[in-house]
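As a plain string of letters, each chain reads:
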Amino acid sequence: MAHESTLLLPWDAAVTPLAELDDAALVAEASSGNREAFDVIVERHRRSVYQVCYRFVHNHEDASDLAQDAFVRAWRGMKTFKSQAALSTWLYRIAVNVCLNRVAAKTPVTAPIETTDHFEDVRIEGAQHAMIREERAVAVRRAIANLPEKQRATLILRTYHDMSHQQIADVLGSSVGAVKANFFHALANLKKILGTEP
């Protein structure tokens, strides 16, 4: 019986689709200039980056712009990414820095809270409670926007993104102790700010 040998040509080799690669493999591909690999990274992480940005600006259009800016910066810096940290941590760090820069350059626009005196009909008591909740939410967002940068970033990442102190330290490039202190001071400052509001 004759033994057949087969020649495996490059186009016959099994190619793993980019979407099935892990983040490390995608980073390697994107670092070598593969835009499709970076597109997969964007697709995987766009929601979490957008959410971080939204927590800073509370506006869909601005958050989308900031998230896009963060990904543009990530693409430009892809060759400098060190895989010591997770890709998501690096992207969070870029997004937080983009947001802090934008917020520092532009003070947040907040609409005045209108009085609810004209809502006295008992049939719309549920609406009154909803309005009060919304007023409180606006007051909290305004108070968070007035916190110092590091406190604001720490509070947003801890409260809204449920990140550990270590993860926040990695994102912000600081120590766990500094993160804990910033979180403690952020809560204390929020109490002061919200305690003075009517």
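What you are looking at is a predicted structure, and each value in this text was computed from that prediction instead of being measured. (Residues numbered from 1 in each chain as written. Predicted model: local features only at pLDDT ≥ 70, side-chain atom pairs only at ≥ 80, totals over all residues. Heavy atoms only, no water.)

Q: Is there a simple way to explain unusual backbone geometry in this structure?
A: When glycine is set aside, most residues are seen to have a negative phi, and most peptide bonds are trans. Backbone geometry at H58 places phi at a positive 55°, although glycine is not the residue there. Relative to the assigned elements, H58 resides in the loop between α2 (35–57) and α3 (60–76). Judged by its relative accessible area of 26%, H58 is partly exposed. In this structure, D162 takes a positive phi of about 50° despite not being glycine. The residue D162 is located in the loop between α6 (149–160) and α7 (165–172) in this model. Relative accessible area serves as the criterion here: at 64%, D162 is assigned to the exposed category. (Helix = DSSP H or I, 4+ residues; strand = E, 2+ residues; numbered from the N terminus. Buried < 20%, exposed > 50% of the residue type's maximum accessible area, 1.4 Å probe, protein only.)

Q: Sorry, what's going on with the environment of L187 here?
A: Residue position: L187 is located in helix α8 (residues 176–195). Using a relative accessible area of 35% as the deciding quantity, one classes L187 as partly exposed. On a C-alpha basis, the gap between L187 and I144 in space is 9.5 Å, while along the polypeptide they are 43 residues apart.

Q: When you look at the pattern of salt bridges in this model, what are you seeing that I'm missing?
A: Pairing between side chains becomes possible if they bear opposite charge and their charged atoms approach one another. All chains considered together, the criterion is met by three salt bridges. The partner of E43 in a salt bridge is R46, with the nearest N and O atoms 3.0 Å apart. Of this pair, E43 and R46 both sit in helix α2, separated by three residues, roughly a single helical turn. For D69, the salt bridge identified is with R73, shortest N-O distance 3.6 Å. Of this pair, D69 and R73 both sit in helix α3, separated by four residues, roughly a single helical turn. The class of D69 is partly exposed, set by a relative accessible area of 24%. Overall, R73 belongs to the partly exposed group, its relative accessible area being 38%. (Salt bridge = Lys/Arg side-chain N within 4 Å of Asp/Glu carboxyl O.)

Interpretation note: all reported values are geometric properties and have no functional meaning in isolation.
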